[in-house]
Amino acid sequence: MQRIPLRNVQGRLLASVAALLLAACGGGGGGGSAPPADLAAAGQEIFRYDTFGDEARWTDTLRMHEVIEQGVSPATALAVGLKVDAEAIPPDLAAAIRAGNVDMNSPATTVALIKLDAVVGLKGEVENVNGVDRLRRVGITCALCHSTVDDSFAQGIGKRLDGWANRDLDPGAIIALSPAIDAGRKAIYRSWGKGRYDPRFNVDGISKPVVIPPAYGLAGIHKVTYTGDGDSPAYWNRYVAVVQMGGQGSFSDPRLPLSVTNGTQDLVSPKLPALEAYQLSLPPPPAPAGSFDAAAAARGKLLFAGTAQCATCHGGALFTDANSRLHPPADSMAEPENPSYASRSATKMYRTTPLRGAWQHAPYFHDGSAATLDAVAERYNQRLGLGLSAQDVADLAQYLKSL
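What counts, and at which threshold
Residues numbered from 1 in each chain as written. Predicted model: local features only at pLDDT ≥ 70, side-chain atom pairs only at ≥ 80, totals over all residues. Heavy atoms only, no water. Helix = DSSP H or I, 4+ residues; strand = E, 2+ residues; numbered from the N terminus. Rg over C-alpha atoms; globule rule 2.2 N^0.38 Å. Buried < 20%, exposed > 50% of the residue type's maximum accessible area, 1.4 Å probe, protein only. Areas by Shrake-Rupley, 256 points an atom, 1.4 Å probe, with all protein chains shown as cover. Lys, Arg positive; Asp, Glu negative; His and termini not counted. Charge placed at Lys NZ, Arg CZ, Asp CG, Glu CD. Contact = heavy atoms within 4.5 Å. Axes fitted to C-alpha atoms, helices over the stretch in contact; angles between N-to-C directions. Parallel < 35°, antiparallel > 145°, perpendicular 65-115°, else oblique. Left-handed = near helix turned anticlockwise from the far one by under 90°. Nonpolar A, V, L, I, M, F, W, Y, C, P; charged D, E, K, R; others polar. pLDDT = per-residue confidence, 0-100. Salt bridge = Lys/Arg side-chain N within 4 Å of Asp/Glu carboxyl O. Core = buried A, V, L, I, M, F, W, Y, C linked by side-chain atoms within 4.5 Å. Pairing = 2+ DSSP bridges.

1. Quick look at the overall build of the protein chain
Link 1 in the chain: Summing up its helical and strand segments, the protein chain has 17 helices and ten strands in all.
Link 2 in the chain: The globule rule puts the C-alpha radius of gyration for 403 residues at 22 Å, and the 21 Å found for the protein chain is close to it.
Link 3 in the chain: For the C-alpha atoms alone, the extent of the protein chain along its principal axes is close to 70 × 50 × 45 Å.
Link 4 in the chain: By residue count, 53% of the 403 residues in the protein chain fall in the buried class.
Link 5 in the chain: Within the structure as shown, the protein chain displays about 17100 Å² of accessible surface, and the carbon and sulfur contribution to it stands at 55%.
Link 6 in the chain: Of the side chains in the protein chain, 37 bear a positive and 39 a negative charge, and the two mean positions are spaced by 1 Å.

2. Things to note about the side chain of His314
Link 1 in the chain: When you line up the elements, His314 lands in the loop between helix H15 (294-305) and helix H16 (373-384).
Link 2 in the chain: Using a relative accessible area of 14% as the deciding quantity, one classes His314 as buried.
Link 3 in the chain: Contacts of His314, omitting those with residues within four sequence positions, involve Phe304, Phe319, Thr320, Thr352, Thr353, Leu355 and Tyr380.

3. Here we look at the packing of H16 against helix H17 (residues 390-402)
Link 1 in the chain: Packing of H16 against H17 brings their axes to within 8 Å, and their N-to-C directions diverge by 130 degrees. Regarding the angle of H16 to H17, the classification is oblique. By crossing handedness, the relation of H16 to H17 is classed as right-handed. Across the interface between the two elements, Leu373, Asp374, Ala377, Glu378 and Asn381 from H16 touch Val393, Ala394, Leu396, Ala397, Leu400 and Lys401 from H17.
Link 2 in the chain: Of the residues that constitute the contact of H16 with H17, the class distribution is seven nonpolar, one polar and three charged.

4. A word on the confidence of the model for the protein chain
Link 1 in the chain: Averaged over all residues, the pLDDT of the protein chain is 92; the fraction at 70 or higher stands at 91%.
Link 2 in the chain: Per-residue pLDDT stays below 50 along residues 4-29; that stretch engages in 43 contacts with residues further than four places along the chain or on separate chains.

5. A few points about the pattern of salt bridges
Oppositely charged side chains can pair when the atoms bearing their charge come close.
Link 1 in the chain: In total, this model carries 19 salt bridges according to the counting rule given.
Link 2 in the chain: Ionic pairing is found between Asp50 and Lys271, a salt bridge with its closest N-O pair at 3.1 Å. Taken together, the residues Asp50 in the loop between helix H3 (37-49) and helix H4 (55-61) and Lys271 in the loop between strand E10 (258-262) and helix H14 (272-280) connect sequence positions 221 residues apart.
Link 3 in the chain: One salt bridge connects Asp374 with Lys401, and the closest N-O pair in it is separated by 3.4 Å. Of this pair, Asp374 sits in helix H16 while Lys401 is found in helix H17, placing the two residues 27 residues apart along the sequence.
Link 4 in the chain: On the basis of relative accessibility, which here comes to 29%, the residue Asp374 falls in the partly exposed class.
Link 5 in the chain: The structure contains a network of salt bridges with shared partners spanning Asp198, Asp204 and Arg344.

6. Some thoughts on the nonpolar core
Link 1 in the chain: Counting residues in hydrophobic clusters, the biggest one holds 68 residues, and the most contacted among them are Phe52, Leu82 and Ile89.
Link 2 in the chain: Considering every element that reaches this core, the biggest residue donor is helix H13 (residues 233-244), with seven residues.
Link 3 in the chain: The contact partners of Leu82, leaving out residues within four places of it in the chain, are Ala77, Val120, Leu122, Leu144, Gly156, Leu169 and Ile174.
Link 4 in the chain: Ala308, Ala370, Leu388 and Val393 belong to the second-largest nonpolar core, a separate cluster that totals 24 residues.

7. Re the pairing of strand E3 (residues 132-140)
Link 1 in the chain: Bridge count for strand E2 (residues 122-129) against E3 is eight bridges, and the pairing is antiparallel. In the strand pairing of E3, Val126 is matched with Leu135.
Link 2 in the chain: Taking the residues that link successive antiparallel strands as the turn, the E2-E3 hairpin has two residues, and the phi of Asn130 there is positive, at about 55 degrees.

As structure tokens, this is what we get:
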């Protein structure tokens with residue numbers, strides 16, 4: 001897709017999708033069929049580069065611009081799971097990196113990459129002062145957690161894979177670098193680990209992180225979060241943009257109960273239709289060739305629809321019953337847990353997770369307690385008393401890997 005300057009996005013949307021903008025103010029209109037290409041293109045720009053004005057949190061409050069400028073080298077950034085977009089790096093700089101002529105242990109190199117919009121999920125304002133680039137402001141975007149790269153240039157550096165959960169990212173360790181956070185909260189953030197984030201911690205003060213979910217394969221699915229709190233991606237986009245990222249706008253849900261307003265401008269609502277459109281355009285990635293045993297997967301497909309009872313909830317083309325019902329906590333293979341993640345949500349229930357692309361986003365269940373799809377199949381076998389043999393479990397896992 002051609003990159004559209006951010007300054008053009010809002011005007012373009014207002015001119016062409018006024019009806020969708022009205023729907024967005026209420027939280028969105030629900031997952032559906034393929035969105036218009038121009039709307040999805042604008043959404044890609046928002047997904048990758050728009051901070052919704054959250055620099056107010058990440059710069060003014062958390063002072064992360066100081067942290068990055070003073071102590072975050074590319075080597076450090078890659079170690080905590082940040083990714084670099086190789087296509088944003090000019091050829092001469094790429095050649096210098098390959099030749100070992102760029103200091104990957106210098107924070108100045110990180111600032112240079114931010115200036116190029118090459119650090120996935122970070123957006124910075126860089127000013128040249130007396131010949132030195134200074135990072136004045138920094139914010140985060142949706143891509144920080146919900147994009148990765150294909151490692152085609154080097155480990156952690158490659159072409160963007162939007163919608164793929166960044167399970168290498170350690171959000172807690174990054175937040176804990178802030179000098180504005182006290183020691184007690186730093187310890188909590190550091191305890192979360194890679195690929196995990198608690199989107200309720202700054203609301204209820206309870207620490208129980210969940211694995212970062214993918215943002216692909218959402219078309220046609222109305223309940224897109226672990227607990228199915230909203231009826232479309234726009235609900236969760238608004239929640240995350242305002243409550244988690246610190247974007248300028250409002251979020252309210254009396255079921256939580258929660259009402260948050262940041263700033264005096266709404267930099268979130270006008271962008272929700274395009275952002276949702278882009279997310280709905282992202283298909284689940286097909287299983288790589290040779291990554292599963294086709295004969296075993298064929299046997300597993302029969303088990304999935306029959307003895308293993310998987311299709312009872314993971315039915316239909318979408319492999320989920322989320323559009324028709326949610327499930328009580330007792331139905332979750334991660335429960336009972338203390339505290340229950342569902343108990344902290346608006347619905348107090350769980351949705352059935354879609355299975356397309358499941359091969360890509362291990363570990364599994366909302367708490368990440370199953371490391372492999374074999375472990376997932378075995379847990380269902382044990383908890384539900386299915387009586388599957390070891391071969392049945394292996395075959396079922398191969399089918400899940402094929403989806």
